[in-house]
Amino acid sequence: MKTSHLFTKVVGVASILCGGSAAALPASPSVTAVISGGDLVITGTEGVDRIVVTQTGPDTWRVSGVGKTKVNGVASVDLDPVTGSIRIDLLGGNDGLLIHDGTVPGGLCVRMGDGNDNAALTNLIIGGGSVLQGDSIATEGFSSGNLVLKGDAGNDTLYVNNVQVLGIQPEATQVASVMDATTQGSESGGSSCASLIAGCDGKDQIIIQNFNIPNLEVTGGAGKDAISLQFGVSQWLCVKAGDDTDKVNVNGIFTNMLKVDVGSSAKDVVSVSGCVANCARFKDCGTKGTIDGAVNQFNNWSVDEAFYHNTLSVYSPQP
Ligand SMILES: [Ca+2]
Ligand SMILES: [Ca+2]
Ligand SMILES: [Ca+2]
């Protein structure tokens, strides 16, 4: 045993002296960031990871660690060419992520993993390129130019501000079938062409502001969630708060289809103001929910009678 231990030590020292590969030394946990087939792929550790991701050139993105977090063993790396999608999985731990100021050619897929995480996406254009690469993009179930942001388990904060998603627009006939599928669909999403922002399990706060996302599904999952959408344009927008007593605020949204669905618990609170929609549906699967709001304009709309207290104000223009 002693001889073996000594040998290991000698080899280790020799590696250092010869400038040998770092692989011979025990590596401290580090976020990894690589280019894979044009995709930027970032993988965290099971511990706390805090990173900032931003575009620094036409197809160059910088991934920086914050505090003790290292990326590929150093403070910051610039990677290119990013010609496809950006895929991030920060795994367990209470992670922090900021993605800001950039244009992603393909999709953006973010998994925050277990733990109480903070994710912020701001000043981004997603999609527009014709290239979509990577198997995990396909398994996340989205098509060209879409966004997937999942908090996963834990009490997560998801903040999305000034984000535009380009890409495919569904035909009018598809919109109806998508809404139908969403009505009956699972929490994980109803459409292959939808962007998805999901708090998943835990007490989540989801804030989405100043957005243009053609087809967007927002889900709170289990736990007492607070979901706020402000000032956005969508072709269709579906909010599903999930189980437990949730709060949903929807303000200043312009959309063809608007659907808000609160889950099976009691006393969910929904507020809808300043929204314009061709079709709006509000459903309470629980008891004693409250819905209120003012100055909405819906051509065709319904409020589920399970909403115990309804002071939703709607102006329906004559055809
Ligand atoms: Ca982590
Ligand atoms: Ca989480
Ligand atoms: Ca919930």
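Refer to the structure printed above.
None of the values given here were measured: they were computed from a predicted structure. (Residues numbered from 1 in each chain as written. Chains lettered and ligands numbered in written order. Predicted model: local features only at pLDDT ≥ 70, side-chain atom pairs only at ≥ 80, totals over all residues.)

## Quick word on the overall build of the protein chain
This is how the line gets drawn: Going along the chain from the N terminus, every DSSP run of H or I of four or more residues is numbered as a helix, and every run of E of two or more is numbered as a strand. Put plainly, a residue is buried at 20 or more neighbouring C-beta atoms within 10 Å of its own, exposed at 12 or fewer, and partly exposed in between, counting only other residues' C-beta atoms, which are placed from the backbone. Contacts are defined on C-beta atoms placed from the backbone: any two residues whose C-beta positions lie within 7 Å are in contact.
From N to C terminus, the protein chain includes three helices and 20 strands. Every one of the 319 residues in the protein chain was classed for burial, and the buried ones make up 44%. Once local pairs closer than 6 in sequence are excluded, the contacts in the protein chain between residues at least 24 apart make up 38%.

## Brief notes about the pairing of strand 10 (residues 147-150)
Applicable threshold: Being paired, for any two strands, means DSSP has found at least two bridges between them.
Burial along strand 10 is two-sided: the face carrying Leu147 and Leu149 and the face carrying Val148 and Lys150 are both buried. Bridging between strand 8 (residues 108-111) and strand 10 involves four bridges; their strand directions are parallel. Directly across from Val110, in strand 10, lies its bridge partner Leu149. Note: strand 10 against strand 12 (residues 195-198), three bridges, orientation parallel. Across the sheet, residue Lys150 finds its bridge partner in strand 12, namely Ala198.

## A few points about the environment of Ala120
With respect to the element layout, Ala120 can be found in strand 9 (residues 118-126). Residues Ala120 and Leu98, 22 residues apart in the sequence, show an inter-C-alpha distance of 4.8 Å. Each residue touching Ala120, except ones within four places of it in the same chain, is listed here: Leu98 and Tyr159.

## Some remarks on unusual backbone geometry
Put simply, Asp80 and Pro81 share a cis peptide bond, and its omega is -5°. Mapped onto the elements, Pro81 comes out in the loop between strand 5 (76-79) and strand 6 (86-89). The residue Asn210 is not glycine, and still its phi comes out positive at about 55°. In this structure, Asn210 sits in strand 13 (residues 205-212). Although it is not a glycine, Asp244 sits at a positive phi angle of roughly 75°. Relative to the assigned elements, Asp244 resides in the loop between strand 15 (226-242) and strand 16 (247-262). Exposure remark for Asp244: the 21 C-beta atoms within 10 Å place this residue in the buried category.

## A closer look at the environment of Lys247
Its location among the elements puts Lys247 in strand 16. Through-space distance from the C-alpha of Lys247 to that of Val269 is 4.8 Å; in sequence the pair is 22 residues apart. Setting aside its immediate chain neighbours within four residues, Lys247 contacts Ala226 and Val269.

## Examining the nonpolar core
Note the following rule: Residues enter a nonpolar core if they are buried, belong to Ala, Val, Leu, Ile, Met, Phe, Trp, Tyr or Cys, and are joined to the set through C-beta atoms within 7 Å.
Residues Val110, Ile197 and Val239 are the most contacted members of the largest nonpolar core, which totals 69 residues. Among all residues touching Val110, those that are not within four sequence positions of it are Ile88, Leu97, Ala119, Val148, Leu149 and Lys150.

## Re the environment of Asp284
Take Asp284: it is sitting in strand 18 (residues 276-284). Judged by the 27 C-beta atoms lying within 10 Å of it, Asp284 is buried. Put simply, Asp284 and Asp268 are 16 residues apart on the chain and 8.0 Å apart in space, counted from C-alpha to C-alpha. The residues touching Asp284, leaving out its near neighbours within four places in the chain, are Val262, Asp268, Gly289, Asp304, Ala306 and Phe307.

That is the geometry; function is a separate question.
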